[in-house]
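Examining the three-dimensional arrangement
Spelled out from the first residue to the last, the chains are:
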Amino acid sequence: MKIKTPVLFTICLLTVTTVIAQDDAAVLYSAGTVYTMSGEPISPGQVLVENGKIKAVDSVIPAATRGDATLVELGEGSVLMPGLIDAYTQSGMGADSSDEVTKEITPNFRAARSIDWKSTDMKQRLHAGTTTMCVCPGTQNVVSGIASIVKTGGEQVVNDDYALVASICSDPTARNSSRQRPDSIYVRQPTNRMGVVWILRNSLSKVKQGKMESAPLAEALNGKRPFFIVSRVAHDLSTAATLAEEFDFQPILVGGHESYKITDLISARNYSVILGGTTTGSMFGPEQTELCWNQAGILDEAGITFCISGNNQLEQARFAHRFGLDANKALAAITTSPAQILGINERVGTIEIGKDADLIALQGDPLEFTTAIEWVMVDGKITEPKNTTRQAKGN
Amino acid sequence: MTPCQKISALLAATLLIIALPASTQAQSPKTQPIVLQNATIHSMAAAGTHEGSILIQDGKIQAIGTLAEIPQDAQVFDLQGFTVVPGLIDSRSTLWLSANAVKEKNDKGELNVVDAIDLWNEDWREVAAQGVTTVYVQPGNPSSLGGYGAVLCVGPQATVDAAILKGTAAAQAAIGITGKTSQARFAQIEKLKAGIKKVKDALEKEKKEAEEAKKKAAEEAKKKAADEAKAKAEKADAGDKKKGEAASKTQRVRTRGEGRPESGRGKRGRKPTPPPAKKPETPNDVKQETDEEADKQTKKETEKAESKKPDPTRELWEKILARDIPLHVEVHHSDAIQRVLALAAEFDIRIVLDGVSQAQASSAHIIESNRPAVVGPLWQIGTAPAYRADADFGWITELPKSGNLWSIATFSNLPRGSRLLRFQAAKAVAMGVPKEDALQAITINAARMLGVADQTGSIETGKNADIAVFAGDPLDPSTATRMVICGGRIIFEAPAELNSSPALSQPELPKTLPTEYAIRTNRFLNEGQFKPATIVVRDGKITQITDNSEADLQGITIFDVKDAPVTPGLVVAHSHLKQNSELTNEAESDASHLRAVDCADPSSDAAKKMLAGGFTDVAFAPLSSNTSAGIIGHVKLGHRDFVQRPDVANKFVLSKSGRNTSRFPASLTGQYQLLDGLFAGQMEKTPLYVSSAVGESLERSKRANVEKVKSGERTALFVADTALEIQSALSLINANALQAAILTSGENVHQYSDELAASGAGIILQPLNGREYDAALGRLVQTCSGKLRIGFAGESPEQIRMTAAMLVAAGMPRDQVLRGLTGDAASILKMDTAGQLSTDDRLANLIIWNGSPLNPASQPVHMVVGGKSVQQK
């Protein structure tokens, strides 16, 4: 076995290189296990990819379906799973171009405008297995603009007119405390959390009463557009719930580092939560939130729809599993669950016939911390991360 | 010899034996021989310029000329047609010094620049790529008396020691860097003088004392000898005993009498000579004398302790007074120059004048004094510091005739600044210094100045193999570097092709021209190509342009300028002509309706210099502080109606300079939003307090202006530097089908060259200046050559021509760059009457050069501007 593995790798690499050259042709990938995320894992399993879409998935695909597809053996112990989906990120946004700090609300701003497709950031996300991301404007404004759903490989926008993002947290107040220069943004509102809520409530009620015209805000209020609310501390999350009740909308809570404290409220209202990163190993998260390493497990037990967002999603799912979340739920939290929250589950999130060929190939159990990503496929196109991880593994 | 001495001597010998091979190895590594074949060699030595080959081995030049035999293992380079010169020497550099080290201030001469060398810095690569192999670094000029400088070799160095060609090469001083008045400079020189005088006096006093002590010792020895002799005599002559005693007594009394004034001085003086042996007369006297003795003892002890403490200032001055090292005095103003010269004469020390940027009034004194001078920077890159704001180097043309030792240096504050040394030399040539002298000033003469002429500076057998090879004229910075060797190691090599501007040729034109004449040239610039042509000028107006088949030129005086190029007036594709303060107002981020030409001042210094540099057509633009910055106009310099067209383009800023946290927009998203709205007809409300009527009228005006951009009547000029900004600009250009241009630093254009070419947008390059661009420049040239139209932005002709020359040196086709200076720039910005010779009376612009405009060493010698002849000096 030990002698065989490097040979297998070499074969793998060789075949992969040839595949890259002809990405529209049908290719049959044969793996140790296929996590379809739409049912039990298939072991061993085969996935047929053609024209950037999944043509078939089964333990053995019949020759009739297979046609003259090239066969790629991924080897013993290999795993295929759907590409990861990040429901909230600022990756790929130009560093100094994502926050329009001079205005309190900028509901018309589109994150799609600031995406730097050639940034290292974008490449790193792709290499870490994330194939679809919801890129959101920053949190320096109370209402910061419109999020975009994009694919990380290739310059492809899935939806550039997606959710409206608002913040109920301390971020919009961060720069506004000084009163020294009356001509600068430093006297811009809001200057504290009460101000944040006031501005949001004021804007929403003006829109509701027809005193202010803002299509994105109106759509968010009447449920035609998803409404992301970035809140991390428990009392901010409760405030978001209060506002939601007041104006009768259904928010998607983003961050939610202390959502485990108010699971009753969240599950009663049936809000979805996009969890921010928690693998810090520190006691406190952003805004001094008290972290609970099993927060994902607690949300799951409470029956709340949630997903895990942030950099290195696979690591985060592993982390969540280690501290209590069920293995299948941990994988779902970075694939099917975000797809469902973003409303793109018809297209991505599982390995099913007709869906986008967004796959990751791994050499082992995805939730094992030492398992490396072999390659990442977006719409049938393969990208190989730098081979550093494999070298570190000693193969 | 004691056994102990024997052992130590043996040890020392062993150590020497061990150390010797090691040190020789470090200095001249056994390397593969290098042979440079069939090159044109500017030896800078007695051999002059000749064709031949060079054999390099063990870090030295082993043979020059026709090589009898080429070593079998040699690395052979056939350099047919290439020019070989000694490695260039920047006699004032900051290579390998950190910004902090350059700024470090010391007034006591306590620094040694060697301590600040950071070999991890990779800037040497860019310096080497321009043919520079040796640099002199010293403490920065904020120090009035900084310390020691060192001569360094360029190249990858393992240790600081290996990098040093000569340590403690000179001492550094600076006058007039801080303090703007002549009084301040006077005070600084007085301080310097006081320092040197103190050390000189102390040295003289010590010398005197030493002499006195010696004299006294001799006297005492003499006396002792005499006493001994006397004693012998007494012994021998026992009979005369009494008489002898009496005699000796009188003598003793007399001695004491002589000693008295001496001991009196001892009481006042600092270092009394001990009085001669005495016989106490009264008890009182005895006590006094013992007290005095005790006092002297303590004084002596403290003095001893003081002299043991190191005094770097004194050590430095001692070295200078002993003429071991020269003092490099950076001095710019005439008054200070004269005082420094006087100071050097007074103390008889070696000085080198550095900088010397405003020596008009004292140039004769410098030449007369025969003191060496390092002049520069002749080519001011970026804004000049206050102390040389009024630089005028006109006097340096006197230097070559005078026989004074002088060199040219970059005086850059950036470690990579030395790479522009060739531009400095080219400027000297443009100012009228003969080429041979300019080349000497950056090779052999610089080596002599720094005291390393025995090792480098010329191509002679036995010298260090410091050699630069150029694909043509070394003093033309648009010539690519083929290879550079330092200490026998190849530190730069590129597959450069032979490519150089044609030689400079001084056209012969009379001082006054007749009313009607024709100029015949072999090199008339048209569409980026030089072709023969004859241009007829009547009453300062161009009436006819023909090829050289003299059809109907009878009766017209023809001046044949032969190879001197004739061009239309050159075009600047973006400039503020240094009117920055008039052209900016950050308050209103949408200033689509404001016209730059409304505040154009054609009589400003910047405009005059631009015109004198051969640039007649300027796209005069508002500053980049607003997202919609305003309207760019076409200005024709030197013409009575200088505003040729007030609105050739609108300027839109996506770069950082348009962001402002005091008002909207503060982000690229905001900038995009604003411009997207603008093109869609949704205006951002003005933040100014105006009545609604005025607000509406403003909005109408802005909308009308943007409509003209959308219809293609005006160019849309986008300022974009980062990849994301260029991407945003492209998105706006494509969405609105704009006729566009991108004003950029050029660092990220290579990522989008295909998309830009597809959209038809032109590229306007910001001046390259001191930024780190060499790698970016290479990428730009690779991706954009022959594909995109380019133009040049800049505030002075030097900036623009430097950028153009760097592009050519990096490999961009000459015709593309020449078009960028003329027709392409004009077409990008819709400046219809620019960049071409026109027979339209009012617009006649014609420049006769003494060399290609791409060679910074050339300059316009005769111009016809706006129908008037202008003779350059």
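Throughout what follows, the structure given in this document is the object of discussion.

What follows covers the overall build of chain B. Helix and strand content of chain B: 23 helices and 32 strands. A total of 873 residues make up chain B; the buried ones form 51% of that total. Across chain B, contacts joining residues at least 24 apart in sequence account for 71% of those joining residues at least 6 apart. Carbon and sulfur atoms provide 51% of the accessible area of chain B, an area that totals close to 39,400 Å².

Attention now goes to helix α4 (residues 193-209) of chain A. Residue and element names in this part refer to chain A. The terminal C-alpha atoms of α4 lie 24 Å apart, and with 17 residues this matches the ideal 24 Å at 1.5 Å per residue to within 8%. Along α4, the positions that sit buried rather than exposed are Gly 195, Val 196, Val 197, Ile 199, Leu 200, Ser 203, Leu 204, Ser 205 and Val 207. On its buried face, α4 sits against β7 (143-146), β10 (164-167), α5 (215-221), β11 (227-231) and α6 (234-247). N-cap assignment for α4: the residue whose side-chain oxygen lies 3.3 Å from the backbone N of Met 194 is Asn 192. Just downstream of α4, Gly 210 is the residue with a positive phi angle, here 80°.

This next bit is on the interface of chain A and chain B. In this complex, chain A contributes 23 residues to the contact, which on the side of chain B involves 24 residues. Counting the surface lost from both chain A and chain B, the interface buries some 1,800 Å², and carbon and sulfur atoms represent 48% of this. On the surface where chain A and chain B come into contact, there are 0 salt bridges. Here chain A is connected to chain B by 8 residue pairs in polar contact (both at pLDDT 80 or more).

We now examine the pattern of salt bridges. Oppositely charged side chains may form a pair once their charged atoms are brought near each other. Residue and element names in this part refer to chain A. Scanning the entire structure with this criterion turns up 53 salt bridges over all chains. Among the ionic pairs, Asp 171 bridges to Arg 232, the shortest N-O distance being 3.1 Å. Of this pair, Asp 171 sits in the loop between β10 and α4 while Arg 232 sits in the loop between β11 and α6, and the two are 61 residues apart along the sequence. Note that Lys 329 and Asp 300 form a salt bridge whose closest N and O atoms lie 3.4 Å from each other. Highlighted residues: Lys 329 in helix α10 (residues 327-332) and Asp 300 in helix α8 (residues 295-301), separated in sequence by 29 residues.

For the rest of this paragraph, the subject is a nonpolar patch on the surface. A grouping of Leu688(B), Val690(B) and Val694(B) is seen on the molecular surface, where their side chains present a nonpolar patch of about 210 Å² in accessible area. Residue classification places Val690(B) among the partly exposed residues on the basis of a relative accessible area of 36%.

Here we come to the pairing of strand β3 (residues 53-58) of chain A. All names here are of chain A. In terms of strand pairing, strand β2 (residues 45-50) meets β3 through 5 bridges, oriented antiparallel. Bridge assignment links Val 49 to a residue of β3, and that residue is Ile 54. Here β2 folds back onto β3, and the loop between the two strands holds 2 residues, one of which, Asn 51, carries a positive phi near 50°.

A few words on the sheet that holds β11(A). Residue and element names in this part refer to chain A. Spatial ordering of the open sheet is given by β7-β10-β11-β12-β13-β14, a layout of 6 strands whose pairing is mixed. The sheet is open, and its two edges are formed by β7 and β14 (306-308), each paired on a single side. Averaged over all neighbouring strand pairs, the angle between strand axes comes to 20°, with direction disregarded. Pairing between β11 and strand β12 (residues 251-255): 5 bridges, direction parallel. The partner of Val 230 across the bridge, within β12, is Val 254.

Rules of the game
Every chain is numbered independently, its residues counted from 1 as its sequence is written. As a convention, the first chain written is A and the first ligand written is 1, with the rest following in written order. Confidence filtering applies because this is a predicted model: local features only for residues at pLDDT of at least 70, side-chain atom pairs given and counted only at 80 or more, and all residues used for totals across whole chains, interfaces and linings. Note: side-chain values were computed over all heavy atoms of the structure, leaving out hydrogens and water. Elements are defined by DSSP. Helices are runs of H or I of four residues or more, strands are runs of E of two residues or more, and each kind is numbered from the N terminus. Summary of the burial criterion: residues with accessible area below 20% of their type's maximum are buried, those above 50% are exposed, and those between are partly exposed, where the area comes from a 1.4 Å probe applied to protein chains only. It only takes one pair of heavy atoms within 4.5 Å for two residues to be counted as in contact. For every accessible area listed, the method is Shrake-Rupley and the probe measures 1.4 Å; residues are considered covered only by the protein chains on display. To estimate the expected span of a helix, count its residues, drop one, and scale the result by 1.5 Å. N or O atoms closer than or at 3.5 Å make up a polar contact, with two conditions inside protein: a donor-capable atom paired with an acceptor-capable one, and, for residues adjacent in sequence, both atoms drawn from side chains. The buried area of a pairing is the accessible area, by a 1.4 Å probe, that goes missing from both parts when the two are put together, added over both. Throughout this description, the term salt bridge denotes a Lys or Arg side-chain nitrogen within 4 Å of a carboxyl oxygen of Asp or Glu. Residues enter patches when they are more than 30% accessible in relative terms and free of salt bridges; like-charged ones are connected within 9 Å and nonpolar ones (Val, Leu, Ile, Met, Phe, Trp, Tyr) within 5 Å. The criterion for strand pairing is that DSSP finds at least two bridges linking the strands in question. Each axis is a line fitted through C-alpha atoms, and for a helix only the stretch in contact is used; angles between axes span 0 to 180 degrees, taken between their N-to-C directions.

Read these as geometric descriptors, not functional statements.
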